[in-house]
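# A look at the structure
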Amino acid sequence: MPPFRLVASDIDGTLIRSDGKLSSRTTDVLDRLYSRGIPTVLVTGRPVRWLRQLYDQMVEPLPAVCANGAVVYDPDTDEVLHAAPLSVEMLLDVTRKLREAVPDITLAVEVEDGRSFWYEETWPLRWDGEHKAVRVLASRDELTSVPAVKLLARSAEYGPDEFAELVSSTLGGLAEATHSSSSALVEISAAGVTKAAGLAWLCEREGFTAQDVVAFGDMPNDLPLLAWAGRSVAMGNAHPAVREVADEVALTNDEDGVAVYLEKLFDL
């Protein structure tokens, strides 16, 4: 047996294919890991409400670290085990700095532990069908009226990496800023809240250490996770910054890179 006792995987661009589906090969590997008593944890930028479409493709739903580490979720009980939101005071400070630095910025928040999404009228909403959970804000002040597990920022004036660098330098450590999109979308969490921190909380609760973990990712929001894990694996389709820091590079997500790697690692 390899010296790893827990698998941690990002979802989009990593575990699932570009069409949003789990391949039968990946589903089979996850099931065999479960049967062998090797836990797998989803570590994602997604909110809790976006997990159901993935769970419907699985034999067994997997625990998840959501919102880039701000939420730890147990699907068996539908319970949020841990949450680390941005406070109202912090939201006020962060949004003020961002509006001053980026005149065309538009903002949105994940609230209620990621079960609801509120967005400004100028936000380019890209999905529908979540009428109760997703709504436009009545006023700009409402954006900062309650704690949020994630603040999201968009700009039409910058490229993805450029905008992420601008937001990060503007905040100067006041909050965590990262990105996982091909557009100028930046995801902002409370200071110290990362995928690594969220998974570390869960691992400590369950009796695992960083050295027990093999982790997979593809975008800059995965960098803290990959730096923390005992072994880090970048997808073949990963952002250059992710490929640079990872211990190894797997096949792409469309080639079932995670499944292929795990089959060899655990002799499945």
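The coordinates are above.
Summarised in this report is the structure supplied together with it. (Residues numbered from 1 in each chain as written. Predicted model: local features only at pLDDT ≥ 70, side-chain atom pairs only at ≥ 80, totals over all residues. Heavy atoms only, no water.)

## Describing the packing of aromatic side chains
Each aromatic ring pair is summarised here by two numbers: the centre-to-centre distance and the angle between the ring planes. Enumeration over the complete set of coordinates arrives at four aromatic pairs. Taking 6.0 Å as the distance between ring centres and 25° as the angle between the ring planes, the aromatic pair formed by Phe 117 and Tyr 119 counts as stacked. Given the relative accessible area of 1%, Phe 117 is considered buried. When its relative accessible area of 13% is taken as the criterion, Tyr 119 is described as buried. A centroid spacing of 5.5 Å and a plane angle of 80° characterise the contact between Phe 216 and Tyr 261, whose relative ring orientation is edge-to-face. (Phe/Tyr/Trp six-rings, centres within 6.5 Å; stacked < 30°, edge-to-face > 60°. Buried < 20%, exposed > 50% of the residue type's maximum accessible area, 1.4 Å probe, protein only.)

## Here's the deal with the sheet that holds strand S11 (residues 185–190)
The strand order across the open sheet formed by six strands is S8-S7-S6-S9-S11-S10, and the pairing between neighbours is mixed. The open sheet is flanked by strand S8 (134–136) and strand S10 (175–178), the only strands paired with a single partner. Between one strand and the next, the sheet's axes are offset by a mean angle of 20°, whatever the strand orientation. Its contacts with the sheet place helix H5 (residues 160–171) against strand S9 (150–154), S10 and S11, and it is angled at close to 30° to S11. (Pairing = 2+ DSSP bridges. Helix = DSSP H or I, 4+ residues; strand = E, 2+ residues; numbered from the N terminus. Axes fitted to C-alpha atoms, helices over the stretch in contact; angles between N-to-C directions. Contact = heavy atoms within 4.5 Å.)

## Here we look at the sheet that holds strand S5 (residues 79–83)
One open sheet holds the eight strands; their spatial order is S5-S4-S3-S2-S1-S12-S13-S14, and the pairing between them is mixed. Both edges of this open sheet fall to S5 and strand S14 (248–249), since each of them pairs with a single strand only. Bridge count between strand S1 (residues 6–9) and strand S12 (residues 213–217): four bridges; the pairing is parallel. Each residue of the ladder has a partner; that of Val 7, found in S12, is Val 214. The strands that helix H9 (residues 257–265) touches are S1, S12, strand S13 (231–234) and S14; relative to S12, the one it contacts most, it runs at about 160°.

## Examining the pairing of strand S2 (residues 40–43)
Here S2 shows a buried face lined by Thr 40 and Leu 42 and a second buried face lined by Val 41 and Val 43. Where S1 and S2 come together, three bridges link them in parallel fashion. Residue pairing across strands places Ser 9 opposite Leu 42, the latter belonging to S2. Note that S2 and strand S3 (residues 64–66) share two bridges and pair parallel. Along S3, the bridge assignment pairs Val 43 with Val 65.

## Regarding empty space enclosed by the protein
The tally for this structure, following the rule as stated, stands at one cavity of 30 Å³ or more. Along the walls of the largest cavity sit Thr 27, Leu 30, Asp 31, Tyr 34, Met 58, Val 59, Glu 60 and Leu 62, which together make up its complete lining. Among the residues forming the lining of the largest cavity, the class breakdown is five nonpolar, one polar and two charged. (1 Å grid on protein atoms, 1.4 Å probe; cavity = no way out; pocket = protein on both sides within 12 Å on 5 of 7 lines; lining within 4 Å. Points joined across faces, edges and corners; volume = space filled by probe spheres on them. Nonpolar A, V, L, I, M, F, W, Y, C, P; charged D, E, K, R; others polar.)

## Regarding the pattern of salt bridges
Evaluation of the coordinates by the stated rule reveals 18 salt bridges. Between Arg 5 and Asp 212 there is a salt bridge, with the nearest N and O atoms lying 3.1 Å from each other. With a gap of 207 residues between them, Arg 5 in the segment before S1 and Asp 212 in the loop between helix H6 (195–206) and S12 connect regions that are remote in the sequence. A relative accessible area of 42% places Arg 5 in the partly exposed class. Connected through shared salt-bridge partners, Arg 25, Asp 28, Arg 32 and Glu 263 make up one network. (Salt bridge = Lys/Arg side-chain N within 4 Å of Asp/Glu carboxyl O.)

## A look at the layout of surface pockets
Empty space within the largest pocket amounts to approximately 760 Å³. If you trace the largest pocket, you find 28 residues lining it, with Asp 12, Trp 50, Ser 180, Ser 181 and Leu 185 closest to the centre. Among the residues making up the lining of the largest pocket, the classes are represented as nine nonpolar, eight polar and eleven charged. Approximately 380 Å³ is the volume attributed to the second largest pocket. Pro 39, Thr 40, Val 41, Leu 62 and Pro 63 are, among the 22 residues lining the second largest pocket, the residues nearest its centre. Contributing elements (two or more residues each) for the lining of the second largest pocket: helix H2 (24–35), S2 and H6. When its residues are assigned to classes, the lining of the second largest pocket shows 15 nonpolar, two polar and five charged.

## Regarding H2
Here H2 spans 16 Å end to end across twelve residues, near enough to the 16 Å set by a 1.5 Å rise per residue. For H2, the full list of buried residues reads Thr 26, Thr 27, Val 29, Leu 30 and Leu 33. One side of H2 carries all its buried residues, which in axial view fall inside an arc of 160°. Turned more than 90 degrees away from the buried face of H2 sit Ser 24 and Ser 35, all of them exposed. Elements that come into contact with the buried residues of H2 comprise S1, helix H1 (11–15), S2 and H9. (Expected span 1.5 Å × (residues − 1). Arc of directions from axis to C-beta.)

In short, shape yes, function no, at least from these values alone.
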